[in-house]
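# A look at the structure
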Amino acid sequence: MKGRIIRSVTVTALFLRGGLAQPVATLTVRIAPNLNTSNLTIPLEKYVAAVLAGESNTFRSDEALKAMAVAARTYAIYFRGRHAAEGYDLCGTTHCQRLDPAAVTPRIQALVDATAGELLWYEGKPIFTSYSQDCGGVTEDAGAVWSSTGVPYLRSHPDPYCTRSGPSLWQWAGDPFDIAAALHHSQLQAPHQLDRIAIAERTPSGRARVLALSGGGESIKVSASSFRFAMGRELGWNTVRSDRFDVTESNGRLLFQGAGGGHGVGMCQRGADQMGVESHTYREILAFYYPGTALGLTGRGISWARLGGEAAALFTTHPGQDGQVLALAERLIASLARRTGLPAPSAVELRLYPDIDTFRNATGQPGWVVAQTVGRRISLQPAGAHEPTLRHELLHVFFEAQANPSLPVWFREGLVGYFEGGRQQWIAPASSADATRARRDFADAARKVVGLVSRYGEVTVLGWLKIGLPREVSSSSTSTAATNSR
């Protein structure tokens, strides 16, 4: 992994002997919502596989499963911390995403791994990847279900793939007394003597939006989606299967006749599977159900402006005010080349993100890290666009361009600390344990390299960049090197 160094990840990072391992993000999930001891800490990609096993294990198409993996992963990142007040990130039920870790197959895990890390983005941030079982031939507008979620990539549109093999019709006859009781259990109002339910308002896609419940001289209106969830929780999810229905009275019962399953917003799982069967790729499936979004490992959809220099280029969303950042980087590159005696790297790329959230989404870094360097790309949040941080990151670029793959992390970090006097400008003021540990590790590595320079000389220590550490140094450092988890 020469030329690649990542100093932190969203939740945890594991370092292997002789180099860096890939970052492994984890989520804390409560599998059984009523058990306080049921929390499970699970790597992100294992979580995604468990979602596929729980939500889409009947898919025929590998491409549809890959599309579902991207949707489930993006959903998890979008909603991570949803249950933070309760001590976990996400629940393992349909409130978040249904998990079935025991049902993960080698096929499912392989398809998840094939899309590892990929998310859907809009304007530099992960999107709300809503999905449902069966849209019945027309997807729903998100704003019709959640009034505050009117996003352009979740608009209603026809879905010919969903009904390719015919519509999925259903019906259910419910006892009015049981329906009223289910509504009351879900803290919803209903007439004490429920006799009739009418569709008071429909969405543009034809789904029920508002229901009018009447009986015994009372008339109460309730959201159709809230009604459906109440029926599902109390009477079973095979009762009112979607919001696409009509209601009539039949022999003292209320007869619901409809099509599809779920709210219909976003990706239709039935349609996505059919698209895969018809040889559409997972990228095409995602583009059909989330139009206008971008698929990738980092923040996409940002309107970058490129400012070019001799040794570096700056990508920014505010070119009129950020030109001085590029000029500073050019000066620092020339200065560091003189100070280290190393050749100035070319094609250095600086990406200055417009805000902390976009930086975090694009890099996976926590908020206390103000910059990240991978190879010759330096990613900066706004707080990192100043000289000390740029010097720190550019030193990494200089050293990684020359580094022998066998060099341990503590030596790479320690060289940067030695040449900048031990400053830690890539860490923002923070009280988290991870930030404190990172500062300590960086200081320990810097002190160790200072000791090596004092003993062997700066020229000799710098020479180890290309040839690796001599045996006496590497063997004597195993117990005192900087900690292997940051």
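Residues numbered from 1 in each chain as written. Predicted model: local features only at pLDDT ≥ 70, side-chain atom pairs only at ≥ 80, totals over all residues. Heavy atoms only, no water.

## Description of the packing of aromatic side chains
How we decide: Pairing of aromatic rings covers Phe, Tyr and Trp, the last through its six-membered ring, and needs centres within 6.5 Å; plane angles under 30 degrees mean stacked, over 60 mean edge-to-face, and all others mean tilted. Helix numbering and strand numbering both begin at the N terminus, where a helix is a DSSP run of H or I of at least 4 residues and a strand a DSSP run of E of at least 2. Buried residues are those whose accessible area, probed at 1.4 Å on protein chains only, stays under 20% of the maximum for their type, while exposed residues exceed 50% and partly exposed ones sit between those limits.
By the definition in use, this model includes 21 aromatic pairs. Between Phe79 and Phe128, the ring centres sit 5.5 Å apart and the planes meet at 90°, which makes this aromatic pair edge-to-face. A residue pair is termed long-range when its members are at least 10 positions apart, and Phe79 in helix H2 (residues 62-79) and Phe128 in the loop between strand E7 (125-126) and strand E8 (131-132) qualify at 49 residues. Under the relative-accessibility criterion, Phe128 is labelled buried at 8%. A centroid spacing of 4.9 Å and a plane angle of 80° characterise the contact between Tyr418 and Phe419, whose relative ring orientation is edge-to-face.

## Topic: the sheet that holds strand E12 (residues 218-223)
The criterion, for reference: Being paired, for any two strands, means DSSP has found at least two bridges between them. Angles shown run from 0 to 180 degrees and are taken between the N-to-C directions of axes, each axis being a line fitted to C-alpha atoms and, for helices, limited to the stretch in contact.
Strand order in this open sheet of three strands is E10-E11-E12, and the pairing throughout is antiparallel. Both outer strands of the open sheet, strand E10 (196-202) and E12, are each paired with one neighbouring strand and no more. Averaged over all neighbouring strand pairs, the angle between strand axes comes to 25°, with direction disregarded. Both E10 and strand E11 (residues 208-215) contribute to a ladder of six bridges, which runs antiparallel.

## Some points on the pattern of salt bridges
What counts, and what does not: Salt-bridge detection follows one rule: a side-chain nitrogen of Lys or Arg within 4 Å of a carboxyl oxygen of Asp or Glu.
One pass over the full model with this rule turns up 20 salt bridges. Residue Asp246 pairs with Arg202 through a salt bridge whose shortest N-O separation is 2.5 Å. Linking Asp246 in strand E13 (residues 245-250) with Arg202 in strand E10, this pair joins segments that are 44 residues apart in sequence. The class for Arg202 is partly exposed, based on a relative accessible area of 34%. Notably, a salt bridge pairs Asp243 with Arg228, separated by 2.8 Å at the nearest N-O pair.

## As for the pairing of strand E19 (residues 348-352)
Two faces make up the sheet, and in a regular strand the side chains alternate between them. How we decide: Seen with its strands pointing away from the viewer, a crossover is right-handed when the path leading from the first strand over the helix to the second is clockwise.
In terms of burial, E19 is largely enclosed, as five of its five residues are buried. Of the two faces of E19, the one lined by Val348, Leu350 and Leu352 and the one lined by Glu349 and Arg351 are each fully buried. Of the strand pairs in this sheet, strand E18 (residues 312-316) and E19 are connected by five bridges, and their pairing is parallel. Its bridge partner lying in E19, Phe315 is registered against Arg351. With respect to chirality, the unit in which E18 leads through helix H9 (residues 319-340) into the neighbouring parallel E19 is left-handed.

## Focus: the layout of surface pockets
One simple way to see leftover space: roll a probe sized like a water molecule over the atoms. Just so we agree on the cut-off: Whether a set of points on the 1 Å grid over the protein atoms alone is a cavity depends on a 1.4 Å probe fitting there but being unable to get out, while an open set qualifies as a pocket with protein on both sides within 12 Å along at least five of seven lines; lining residues are those with an atom within 4 Å of a point. Grid points are joined across faces, edges and corners, and a volume is the space filled by probe spheres set on the points. Residue type decides the class: Asp, Glu, Lys and Arg count as charged, Ala, Val, Leu, Ile, Met, Phe, Trp, Tyr, Cys and Pro as nonpolar, and the leftover types, Gly among them, as polar.
Estimates place the volume of the largest pocket at around 1,500 Å³. If you trace the largest pocket, you find 48 residues lining it, with Glu55, Thr94, Phe229, Trp237 and Gly262 closest to the centre. Elements with a minimum of two residues in the lining of the largest pocket: helix H1 (44-55), H2, E8, strand E9 (169-174), helix H6 (224-235) and helix H7 (269-277). For the lining of the largest pocket, a count of residues per class yields 17 nonpolar, 20 polar and 11 charged.

## Topic: the pairing of E12
As paired elements, E11 and E12 share six bridges and run antiparallel to each other. Bridge assignment links Ala212 to a residue of E12, and that residue is Lys221. Where E11 folds back on E12, the antiparallel hairpin that results is connected by two residues, among which Gly216 adopts a positive phi of roughly 60°.

## Brief notes about the confidence of the model for the chain
Heads up, the rule is: Summary of the metric used: pLDDT quantifies the predictor's per-residue confidence within the range 0 to 100. Two residues form a contact once any of their heavy atoms are found within 4.5 Å.
Per-residue confidence for the chain gives a mean pLDDT of 85, with 87% of residues at or over 70. Contacts from residues 1-24, a stretch scored under 50 in pLDDT, to residues over four places away or in other chains number 66 contacts. For residues 478-486, every residue scores under 50 in pLDDT, and the model assigns this stretch 23 contacts once sequence neighbours within four places are set aside.

## Observations regarding the nonpolar core
Using the following cut-off: Residue types Ala, Val, Leu, Ile, Met, Phe, Trp, Tyr and Cys, when buried and joined through side-chain atoms within 4.5 Å, form a set referred to as a nonpolar core.
Counting 56 residues, the largest nonpolar core has Tyr47, Leu52, Met267 and Tyr290 as the members making the most contacts within it. Residue contributions to this core peak at 12 residues, all from H2. When near neighbours in sequence (up to four residues on either side) are disregarded, Tyr290 contacts Ala71, Leu120, Ile127, Thr129, Ser130, Tyr131, Tyr153, Leu154, Gly266 and Met267.

## Topic: the packing of helix H5 (residues 176-185) against H6
Convention followed: For this classification, under 35 degrees means roughly parallel, over 145 means roughly antiparallel, 65 to 115 means roughly perpendicular, and everything else is oblique.
One can describe the packing of H5 onto H6 by two numbers: an axis separation of 9 Å at closest approach and a directional angle of 100°. Considered as vectors, H5 and H6 are oriented roughly perpendicular to each other. Here Asp178, Ile179, Ala182, Leu183 and His185 of H5 come into contact with H6, specifically with Phe227, Ala230, Met231, Glu234 and Leu235. Here the contact of H5 with H6 is composed, by residue class, of seven nonpolar, one polar and two charged.

## A look at H1
Put simply, the rule is: Expected span of a helix: the number of residues minus one, times 1.5 Å.
Over its 12 residues, H1 extends 16 Å from the first C-alpha to the last, a length consistent with the 16 Å expected when each residue adds 1.5 Å. Burial runs high along H1: 10 of the 12 residues are buried. As for H1, its buried residues are in contact with strand E3 (26-30), strand E4 (39-43), H2, strand E5 (90-91), helix H3 (106-114) and E8.

## Some points on the state of the cysteines
Each disulfide is one covalent bond, formed between the sulfur atoms of two cysteines. Applicable threshold: Counting rule for disulfides: a pair of cysteine sulfur atoms within 2.5 Å.
One pass over the full model with this rule turns up zero disulfides. Here Cys96 stays unpaired: no disulfide links it, and the sulfur of Cys91, its closest cysteine neighbor, is 3.5 Å away.

## Focus on the environment of Ile197
Relative to the helices and strands, Ile197 resides in strand E10. With relative accessibility at 3%, the residue Ile197 sits in the buried group. Each C-alpha atom of the pair Ile197 and Leu254 lies 7.6 Å from the other, and the pair is 57 residues apart in sequence. Look past the residues within four positions of Ile197 in its chain and what remains in contact with it is Ile179, Leu211, Ala212, Leu213, Phe227, Val247, Leu254 and Phe256.

## Considerations on the packing of H9 against helix H11 (residues 387-402)
For clarity, the threshold we go by: Crossings are assigned a handedness: left-handed for a near helix turned anticlockwise from the far helix by less than a right angle, right-handed for a clockwise turn.
Axis separation between H9 and H11 bottoms out at 10 Å; the angle between their running directions is 50°. In terms of orientation, H9 and H11 fall into the oblique class. Between H9 and H11 the crossing geometry is right-handed. On H11, the residues touching Val325, Leu328, Ala329, Leu332, Ile333, Leu336, Ala337 and Thr340 of H9 are Glu387, Leu390, Arg391, Leu394, Leu395, Phe398 and Phe399. Split by residue class, the contact of H9 with H11 holds 12 nonpolar, one polar and two charged.

## Re the side chain of Glu349
The condition is simple: Counted as a polar contact is a pair of N or O atoms within 3.5 Å, where, for protein atoms, one must be capable of donating a hydrogen and the other of accepting one, and residues adjacent in sequence contribute only when both atoms are in side chains.
Topologically, Glu349 is positioned in strand E19. At a separation of 2.8 Å, a polar atom in the side chain of Glu349 contacts the side chain of Arg377. Leaving out residues up to four positions away in the same chain, Glu349 has contacts with Ala313, Phe315, Arg376, Arg377 and Ile378.

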